[in-house]
Structures are given as structure tokens and as C-alpha cells.
Amino acid sequence: MAKTVADTQRLITKPQNLNDAYGPPSNFLEIDVSNPQTVGVGWGCFTTYEIRVKTNLPIFKLKESTVRRRYSDFEWLRSELEREQGCSSSAPWESVFKTRAGAVYKQILVAGHPLAQNEHCLHMFLQDEIIDKSYTPSKIRHA
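Looking at an unreviewed UniProt entry, the protein carries the name PX domain-containing protein, with the source organism given as Aotus nancymaae. Under Sequence similarities (unreviewed entry), UniProt gives the following word-for-word description of the protein: "Belongs to the sorting nexin family."

Take a look at the structure:
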């Protein structure tokens, strides 16, 4: 099938102003995992990660928050998301994440998915100081 000039013409778009180019995005969810700290010594030691969230999504109760989570908390989140969404949180990027730190980042990628953003477990994980693992699973409703 031969292409015509009309098929390859650019879409007509409105001119972009400085606010469009450099202003904040209309909806964003920034999640930063950093500052690992080892707690304890010997067999009883574990590592926690600082989770910093910035968002303007109305579904989140806090626009900025910082909590610390250990690896077992990430495992709990994975398990909850799999149960709530009825599918594995594994994705094509699975093979990239071979280390514990990689698994942490994988969970954060899953958190950015629009379907996961409605899950109560994700909101607790990202913004509550203490995760209530005996919670009743539910969806978060828009305010």
C-alpha cells in the first residue's frame, strides 16, 4: 500500500507556551526510594528504605509524605496487589530486577500503574507511618 503525502503530514497542534513546557504536569505521582539503612546486627539485621512521595492526584490524602519500609513490607505490598488485582505484579521488566534493591524498585513501578493507585494497601504502604496488615482490602474512592 503506497503512502500519500496526506498520510505523513504532521498533526496540527496548538503552540506550546512556557507554562505548558515548564509548568507542573496536570497529574503526577513521584515516588523516590533512597537512603537504605541497616538496622541491627548479625542475623537480626534488616535494611529499611526511605520512600518519598510527591503527588497532586486527588486520590492520595497527602500531597507529600516520607516513610521508611523494609524489604518484607515490599513483599507484603506485592502479595496484596496480586490478591486485589487478581494477577501477578510481574511485568516484562521482571528479568531486570534480580537483587533485593531491584525488587524494591519493581514494586514502585507497579505503584505507578493507574489500577494500583486505587488500592488501599498501596496508600498505606506509601503514606501511613505504620502499615496495618490486618486491614480490610478495599479500593480508595476519589475525594
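Trainee: Pulling in residues and values, what's your account of the pairing of strand β1 (residues 29-39)?
Mentor: On any regular strand, side chains alternate: one points to one face of the sheet, the next to the other face. Strand direction decides the pairing type here: β1 and strand β2 (residues 46-55), joined by nine bridges, are antiparallel. When the bridges of β2 are listed, S34 appears paired with E50.

Trainee: Outline the side chain of Q127, listing residues and values.
Mentor: Inspection of the secondary structure assignment puts Q127 in helix α5 (residues 120-127). Residue classification places Q127 among the buried positions, given a relative accessible area of 6%. Those residues within four positions of Q127 in sequence are excluded, and the remaining contacts are V53, F60, K61, L62, S65 and V67.

Quick notes on the rules
For every chain, the first residue of the written sequence is number 1, and numbering continues from 1 onward in sequence order. Confidence filtering applies because this is a predicted model: local features only for residues at pLDDT of at least 70, side-chain atom pairs given and counted only at 80 or more, and all residues used for totals across whole chains, interfaces and linings. With hydrogens and water stripped out, all remaining heavy atoms of the structure feed into the side-chain values. UniProt positions are given in the numbering used here, feature names are shortened, and annotations may be inferred rather than shown by experiment. Paired strands, as defined in this entry, are two strands with at least two bridges between them according to DSSP. For the purposes of this entry, the term helix denotes a DSSP run of H or I that reaches at least four residues, the term strand denotes a run of E that reaches at least two, and both are numbered from the N terminus. Burial here depends on accessible area, computed with a 1.4 Å probe over protein chains only, as a share of the maximum for the residue type. Under 20% is buried, over 50% is exposed, and the range in between is partly exposed. Contacts between residues were defined by any pair of non-hydrogen atoms, one from each residue, lying within 4.5 Å.

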